[in-house]
Amino acid sequence: RPDVDALKTAGWQGDADGNGVVSVGDTVRYTVALSNGGLVDGITDLIDPIPAEVASWVLVDDGGGTDFSSPTLLDVQGILVPAGGVASVVLDVVLADVPDRTLMSNTATFTDPLTGSPVDAAASDVEIRRDGDGDDVFDLDDDCPTVFDPAQSDVDLDGAGDACDDCVTVPD
């Protein structure tokens, strides 16, 4: 009988802005490795709701199944998981413009070939950073997050950067 299990991982695939950190516009690759520890091949279906933090996505590898996906749901059916082997479903997602330090969660569900029951496989959360003003300082670390201000100067030490402080010599 088949004994199918899944491991879902998330990995940083592309650094769109070259800042060295997972951030808006970057690509994250999700891989669902379906393994079969049984002595008989198993056939399963996999669904994976696309997180709201995703601007776009593409199925990279259907694991040998048939793709019935929609814009908001990855749906691959009839995946053959060979006895003692692995079948992998892989998708790349491009991160949407979300608030700084947003956590993206993603859980896929496959059908247990033996019981027909749904089984969840969750990836680790991905933290998404954002630099809305393009000054190489992330929004939650930026003393003036809506104005380009790479120097981050704050003469009056009031926490509001000089670039957006209406009175730079008196704390307000």
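What this report covers is the structure whose coordinates are included nearby. (Residues numbered from 1 in each chain as written. Predicted model: local features only at pLDDT ≥ 70, side-chain atom pairs only at ≥ 80, totals over all residues. Heavy atoms only, no water.)

What follows is about the overall build of the protein. What the protein contains, in helices and strands, is zero helices and eleven strands. Ordered by position from the N terminus, the helices and strands of the protein form the series β-β-β-β-β-β-β-β-β-β-β. Relative to a compact globule of 172 residues, whose C-alpha radius of gyration would be 16 Å, the protein shows 22 Å and is clearly more extended. Considered along the principal axes of its C-alpha atoms, the protein spans approximately 75 × 25 × 20 Å. (Helix = DSSP H or I, 4+ residues; strand = E, 2+ residues; numbered from the N terminus. Rg over C-alpha atoms; globule rule 2.2 N^0.38 Å.)

Strand order in the open sheet made by the four strands is β1-β2-β7-β4, with antiparallel pairing throughout. Two strands in the sheet have a free side with no partner beyond their single neighbour: β1 (4–14) and β4 (54–61). Within this sheet the neighbouring strands show an average axis-to-axis angle of 20 degrees, counted without direction. (Pairing = 2+ DSSP bridges. Axes fitted to C-alpha atoms, helices over the stretch in contact; angles between N-to-C directions.)

For the structure shown, the criterion picks out seven salt bridges. In this structure, R101 engages E127 in a salt bridge whose closest nitrogen and oxygen atoms are separated by 3.3 Å. Of the two residues, R101 is situated in the loop between β7 (86–95) and β8 (102–104) and E127 in strand β11 (residues 126–128); the sequence distance between them amounts to 26 residues. The partly exposed category is assigned to E127, whose relative accessible area is 34%. (Salt bridge = Lys/Arg side-chain N within 4 Å of Asp/Glu carboxyl O. Buried < 20%, exposed > 50% of the residue type's maximum accessible area, 1.4 Å probe, protein only.)

Each strand in a sheet pairs with another by means of backbone hydrogen bonds, the pair being arranged parallel or else antiparallel. An order of β5-β6-β3-β9-β10 is seen for the five strands of this open sheet, with the pairing classed as antiparallel. Whereas interior strands pair on both sides, the edge strands pair on one side only; in this sheet they are β5 (66–67) and β10 (118–122). Two elements, strand β3 (residues 42–49) and strand β9 (residues 107–111), share two bridges in a ladder whose sense is antiparallel. Its bridge partner lying in β9, I47 is registered against T109.

For D112, the position within the fold is in the loop between β9 and β10. No salt bridge is formed by the buried D112; its nearest oppositely charged neighbour, R1, is found at 7.9 Å. Polar contacts involving the side chain of D112 include one to the main-chain amide nitrogen of T115, which spans 3.2 Å. D112 has contacts with S117 and V119, leaving out every residue within four places of it along the chain. (Lys, Arg positive; Asp, Glu negative; His and termini not counted. Polar contact = N/O pair within 3.5 Å; in protein donor to acceptor, adjacent residues only side chain to side chain. Contact = heavy atoms within 4.5 Å.)

As a further point, take the environment of A108. Residue placement: A108 occurs in strand β9. You can call A108 buried: its relative accessible area is 0%. Here the alpha-carbon distance between A108 and L46, two residues 62 residues apart in the chain, equals 6.9 Å. Excluding residues that lie within four positions of it along the chain, A108 makes contacts with K8, V32, L46, I47, D48, V119, D120 and A121.

In this section: the nonpolar core. The biggest cluster of nonpolar side chains holds 28 residues, and the ones touching the most others in it are Y30, L34, L46, I79, V93 and M104. For this core, the elements supplying multiple residues, two or more each, are β1, β2 (27–36), β6 (73–81), β7, β9 and β11. Per-element tally for this core: the top contributor is β7, with five residues. Ignoring any residue separated from it by four or fewer positions in sequence, one finds L34 in contact with V4, D5, A6, T44, I79, V81, G85, V86, A87 and F110. (Core = buried A, V, L, I, M, F, W, Y, C linked by side-chain atoms within 4.5 Å.)

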